Amino acid sequence: MSQKAKLPLFDKLMLVLAVILLVILAMGMLAGQTNPKDNVWIAFAGLGYTFALIANVLFVIFWLFRRQLLFAAITLVIILIGWKPLTATYRFSGEEGGNKKDSEHYVRLMTYNVHQFKKYGENNDVSTKDQIIKLIEDQHPDVVCFQEFFSRKKGEFDLIDSVKNRLKLKHYYFAPSVDNNYEAAGLAIFSRYPIQNKGRISFGEFAGNSSIYVDLKIENQDFRIYNVHFQSISFQKEDYDYIGKVAKMDPEYKSSRRIASMLKSAFFRRSEQVKLMKSEMQQCKLPYVIAGDFNDTPASYSVTQITSSLKNAFKEKGSGFGKTYNGDFPNFQIDYIATTKNFDIINHHISKEKLSDHFPVRSDLRLNFTMESDDAY
């Protein structure tokens, strides 16, 4: 190689960094098909897939600017090999729909982790509670799946009464994981349609994470709504403080190990919960929707596996990165709506008001009555 053909030192250093990021990206692309219990490093790479994707896109631009066309082409090809996690993570255009649905034949479904109707890290206050109710009211949903729903037995924080009356969602199923004579918190589904049947799927010892379902009827067709809250990471305030330190390049070994251990534990528990939910869903004979807080990113094992045979509303009609988390980490899409093939997904909308630590997600769905049962799932 001639002297002119040699890479400058700066480009050599950037090439080393680019190779590292390509390896992380490639591992992240495998996360959806790899059980964390088989390889936890791939699960960690899946969590970082979005960051690695952005970094590698920037490297494509960098190599083009530096006229290193071979490096740019290799990076681009590897990005495109992971087409499935790429399109699950980012969409260039979508359909949001308006505040009111376009047809009475649609079911407008919303999922919202309301963080007990309080801003992240803060105590309950009437203003936040009222703003959350108003936000939902303005979207005119027919069904709302709540995670971390909170209600007191009486008074201005009797949220069951508020949702029923202000949102005109008279039918509901509330399954508290914490309950006393004063207040309760857990999963809830509120519906404009009468509830035909209901139930709960326990995730074992971790009572705060579970799933509930209701069977509803529209135009004489029964269908099911699953509301799910998969295992959270359970970070405490000191963990988020540490993440802030990492962002400022001031890491601590002890805190790093604690966070890695918590992430690993959450990966493992979610994989078991996904297995349980898939078994439950396979037994369901009705068209169904699964919605809620999956607590994982689009490229992850849990999200990929739970939506593998379903229509993912974001992949069908979403746009951008679909960010649904309002906290520090993980700050991308972790809330989802997915359906069996019986449904047409009309739109996908994320409201960006920072009231809870999550943003609400909604979709208009049309139940397709003409599909043959063999093609429905």
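Rules and cut-offs
Residues numbered from 1 in each chain as written. Predicted model: local features only at pLDDT ≥ 70, side-chain atom pairs only at ≥ 80, totals over all residues. Heavy atoms only, no water. Helix = DSSP H or I, 4+ residues; strand = E, 2+ residues; numbered from the N terminus. Areas by Shrake-Rupley, 256 points an atom, 1.4 Å probe, with all protein chains shown as cover. Pairing = 2+ DSSP bridges. Phe/Tyr/Trp six-rings, centres within 6.5 Å; stacked < 30°, edge-to-face > 60°. Axes fitted to C-alpha atoms, helices over the stretch in contact; angles between N-to-C directions. Parallel < 35°, antiparallel > 145°, perpendicular 65-115°, else oblique. Left-handed = near helix turned anticlockwise from the far one by under 90°. Contact = heavy atoms within 4.5 Å. Nonpolar A, V, L, I, M, F, W, Y, C, P; charged D, E, K, R; others polar.

Undergrad: Outline the overall build of the chain, supporting the account with residue identities and numerical values.
TA: Each helix and strand counted, the chain has eleven helices and 13 strands in total. Just so you have it, the chain exposes about 18300 Å², and 54% of that area is on carbon and sulfur atoms.

Undergrad: I'd love a proper account of the sheet that holds strand β8 (residues 288-293), names of residues and values included.
TA: Spatially, the six strands line up as an open sheet ordered β5-β6-β7-β8-β10-β9, and their pairing is mixed. Taken across any chain shown, the strands that pair with only one partner, and hence form the sheet edges, are β5 (197-202) and β9 (311-312). By the bridge criterion, six bridges tie strand β7 (residues 221-229) to β8 in an arrangement that is parallel. When the sheet's bridge partners are listed, V228 is paired in β8 with G292.

Undergrad: Any details on the packing of aromatic side chains? Residues and values, ideally.
TA: Per the counting criterion, the structure on display carries 25 aromatic pairs. Ring centres of F59 and F62 lie 5.8 Å apart, and the angle between their planes is 90 degrees; this geometry places the pair in the edge-to-face category. Within this pair, F59 and its partner F62 are both found in helix α3 (residues 49-65), separated by three residues, close to a single helical turn. Three or more aromatic residues joined by ring pairs form one cluster here, namely F117, F146, F149, Y172, F174 and F190.

Undergrad: Outline the packing of helix α1 (residues 9-30) against helix α4 (residues 69-81), supporting the account with residue identities and numerical values.
TA: For the pair α1 and α4, the least separation of the axes is 10 Å and the interaxial angle reads 15 degrees. With respect to α4, the axis of α1 lies roughly parallel. Here the hand of the crossing between α1 and α4 comes out left-handed. Residue-level contacts link L15, L22, L25 and M29 of α1 to F71, T75, I78, I79 and I81 of α4. For the contact of α1 with α4, the per-class residue count stands at eight nonpolar, one polar and no charged.

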